[in-house]
Structures are given as C-alpha cells and as structure tokens.
Amino acid sequence: MAKVTVATDWLDTCSGCHMAILDIDERIVELLKYVQFTSTPITDFKHPPKEGVDVGILTGAVSNTHQLEVAEEMRERAKILIALGDCAVFGGICTMRNFFDKDEVLRTAYVETPSTDEWGAVPTSPELAKLFDRVMALDEAVKVDLHIPGCPPPADAIWYALTELLAGRIPVLKGENLTYE
Ligand code: SF4
C-alpha cells in the first residue's frame, strides 16, 4: 500500500509546533510505516512536491509576502491542509504586533533597540519579503481543512489527528486534545 505523503512548513512562528510533532516520540517509528514526510523543516527539504501531497501541515501565522507564498503553495499542493498551533489557528503571539503601526514595529526592531548602532535602518532590499500591515491567521489567507490549536498542541493531539486521517476519518478534537494556551 502506498504511503500517505505529508509535507510541513513554518510561517511566522517559533519552532515549538514542529518540536511538538517530534514529541510523539517513539510513535513516530510506527507512523513512518504508513507516512512519508516529503518536505519539512525537520529534514530541511524545501517545497512540497509538484505532484502534490495527501496532507500539508503549516505552523505559524501569515505576516509577510514570503509566508503568503509558502501558504499558497502548500494549499495548492495538499489535499488536506492542517493549521497546527495557535499561531496558525488564530495568529497567536504573532498578533501582538497588530496593536501597533507597521512602520513603528519596523523602527522598533531595526532602529530603536538599545543594541542598534547609529547606522541602524529599516532594510529596504527588494529581495526581502514585505511585512503586511497586520498578522493573519492561516485561514484568513488560504482555505484550511483542520485546525489543531495549542501553544504548542499536545503531542497526543497531533498523534490523534494524524492517525484519524490515516484511518480515513476527519479528526474531531475534544477533551485534552483541544487546548488553547
Ligand atoms: S503556537 Fe506556540 S509553539 Fe506553536 S509556533 Fe506559535 S508560539 Fe511557537
């Protein structure tokens, strides 16, 4: 039987949600009998394959033009797209900057920090991603099929969701698997 293909990537995020995937510990060996991870920051392979994957998992919010491109590519190539973690599900901690003007945020980061020298300036290279005025949850940018909240989500919730999908069922998160922290 062909393995289920899974691609993962991260957007505006810490790596905590990807660490939570690894937190399923030795069960990952069992999972690998049925699942092939294609691209993922864990292995550093970039871009889901052009022929598509069965499941795409994105962590993090959408804060800039590059992250939107990553989200759109994953959406295009994944049959089922999972938003993993509070940042992806509703913006999470990344949305703290939504209380401030974007230019003020950039100035604070690049010009006004105590460690910034007198030449500090907001970078303007056209090769750099452009920050959006406000941080978006993933489903404000692309269609999401399954939300798994938590900061990070419990490993058991990730295990439950993946095994339910493998069984051909849509996971219904509840009880200890459904956390908002
Ligand atoms: S939800 Fe928490 S652990 Fe996951 S990426 Fe956001 S801050 Fe990190």
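In short, a report on the structure.

1. Focus on the sheet that holds strand E1 (residues 4-10)
Part 1 of the reasoning: Pairing is parallel across the open sheet formed by 5 strands, whose spatial order is E2-E1-E3-E5-E7. Two strands bound the open sheet, and with one partner strand each, they are strand E2 (35-37) and strand E7 (146-148). Averaged over all neighbouring strand pairs, the angle between strand axes comes to 25°, with direction disregarded.
Part 2 of the reasoning: Direction of pairing for strand E3 (residues 53-59) relative to strand E5 (residues 78-84): parallel, over a ladder of 6 bridges. Across the sheet, Leu58 pairs through a bridge with Ala83, a residue of E5.
Part 3 of the reasoning: Strand contacts of helix H3 (residues 65-77): E1, E3 and E5, with the helix running at about 135° to E5, the strand carrying the most contacts.

2. As for helix H7 (residues 155-166)
Part 1 of the reasoning: Compared with an ideal rise of 1.5 Å per residue, which puts 12 residues at 16 Å, H7 spans 16 Å between its outermost C-alpha atoms and is within 8% of the ideal.
Part 2 of the reasoning: For H7, the complete set of buried residues consists of Ala155, Ala157, Ile158, Ala161, Leu162, Glu164 and Leu165.
Part 3 of the reasoning: Against the buried residues of H7 lie helix H1 (16-22), helix H2 (27-31), E3, E5 and E7.
Part 4 of the reasoning: Of the residues flanking the end of H7, it is Gly168, one or two places downstream, whose phi is positive at about 85°.

3. Section: the nonpolar core
Part 1 of the reasoning: Membership of the largest hydrophobic core comes to 20 residues, with the highest contact counts inside it found for Val55, Ile57, Ile82, Leu84, Ile148 and Ile158.
Part 2 of the reasoning: Counting residues per element, the ones that place at least two in this core are H1, E3, E5, E7 and H7.
Part 3 of the reasoning: Ranked by the residues each element gives to this core, the list is headed by H7, at 6 residues.
Part 4 of the reasoning: Once residues lying within four places of it in the same chain are set aside, the contact partners of Ile158 are Ala20, Ile21, Leu84 and Pro153.
Part 5 of the reasoning: One finds Leu11, Val53, Ala83 and Met136 within the second-largest nonpolar core, a separate group that totals 17 residues.

4. Brief notes about the site of the ligand
Part 1 of the reasoning: Taken together, Thr13, Cys14, Gly16, Cys17, Asp86, Cys87, Ile93, Gly150, Cys151 and Pro152 are the residues near the ligand.
Part 2 of the reasoning: Of all elements in the fold, only H1 and helix H4 (86-90) reach the threshold of two or more residues within the shell around the ligand.
Part 3 of the reasoning: The residue inventory of the shell around the ligand, partitioned by class, reads 6 nonpolar, 3 polar and 1 charged.

Rules behind the numbers
Residues numbered from 1 in each chain as written. Predicted model: local features only at pLDDT ≥ 70, side-chain atom pairs only at ≥ 80, totals over all residues. Heavy atoms only, no water. Pairing = 2+ DSSP bridges. Helix = DSSP H or I, 4+ residues; strand = E, 2+ residues; numbered from the N terminus. Axes fitted to C-alpha atoms, helices over the stretch in contact; angles between N-to-C directions. Contact = heavy atoms within 4.5 Å. Expected span 1.5 Å × (residues − 1). Buried < 20%, exposed > 50% of the residue type's maximum accessible area, 1.4 Å probe, protein only. Core = buried A, V, L, I, M, F, W, Y, C linked by side-chain atoms within 4.5 Å. Near = heavy atom within 4 Å. Nonpolar A, V, L, I, M, F, W, Y, C, P; charged D, E, K, R; others polar.

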